[in-house]
Amino acid sequence: MQNEGREAERKGADIEERLLEFAVRVGKAVDALPNTRLGRHIAGQLVRSGTSPAPNYAEGCAAESKKDFIHKLAIVLKELRESSVWIRLIVKSELITEQRLELLRDECDQLCKIIAKSLVTAKSNQSKRETS
């Protein structure tokens, strides 16, 4: 049982590290945007949504309750989904080539899937505890 806790803790640290790396990569993409009205607007939006998942995830890991954990994880997912839309808009607007953003977009999609699955699991575990 104690090993399960350590395993979950390690996976949580891995996800946090991926979210931090995602934030760094978002920052680099934002810095590559042109200094146009659209470029500046997207830069401001993406830098906010793309850098907030990591600290929100860290807050979730230190949550005071399961409900608080679920709430923080939901915020992480919301911000990742928003980042995905901004990345897609950058490509559609031809501000940065799709090829340059392909890995960032893929990582965003993977993180969305991981966090969404974690949310489903956390909600399921909460429901089981409430019915017990």
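Higher on the page you've got the structure.
The following paragraphs examine the structure supplied in this document. Predicted model, so just to flag it, every value in this text is computed and none were measured.

### Structural notes on the side chain of N56
- Within the element layout of this structure, N56 appears in helix α3 (residues 53–61).
- Residue N56 is classed as buried on the basis of its relative accessible area, which comes to 18%.
- N56 has contacts with K72, I75 and V76, leaving out every residue within four places of it along the chain.

### Brief notes about a negative patch on the surface
- Together, E98, E102, D106 and D109 make up a negatively charged patch on the protein surface.
- With respect to the helices, strands and loops of the structure, E102 is situated in helix α5 (residues 98–131).

### Remarks on the nonpolar core
- With 31 residues, the main nonpolar core has L19, F22, L80, I90, L101 and I115 as its most contacted residues.
- Looking at this core, the elements with two or more residues in it are α1 (2–32), α2 (37–51), α3, α4 (66–92) and α5.
- When neighbours within four sequence positions are excluded, L80 is seen to be in contact with L19, F22, P53, C108, L111, C112 and I115.

### What to know about unusual backbone geometry
- At E94, a residue that is not glycine, the phi angle is positive and equals roughly 60°.
- Tracing the backbone through its elements, the reader meets E94 in the loop between α4 and α5.
- Given a relative accessible area of 70%, E94 falls into the exposed group.

Calculation rules
- Residues numbered from 1 in each chain as written.
- Predicted model: local features only at pLDDT ≥ 70, side-chain atom pairs only at ≥ 80, totals over all residues.
- Heavy atoms only, no water.
- Helix = DSSP H or I, 4+ residues; strand = E, 2+ residues; numbered from the N terminus.
- Buried < 20%, exposed > 50% of the residue type's maximum accessible area, 1.4 Å probe, protein only.
- Contact = heavy atoms within 4.5 Å.
- Patch = residues over 30% accessible without salt bridge, like charges linked within 9 Å, V, L, I, M, F, W, Y side chains within 5 Å.
- Areas by Shrake-Rupley, 256 points an atom, 1.4 Å probe, with all protein chains shown as cover.
- Salt bridge = Lys/Arg side-chain N within 4 Å of Asp/Glu carboxyl O.
- Lys, Arg positive; Asp, Glu negative; His and termini not counted.
- Charge placed at Lys NZ, Arg CZ, Asp CG, Glu CD.
- Core = buried A, V, L, I, M, F, W, Y, C linked by side-chain atoms within 4.5 Å.

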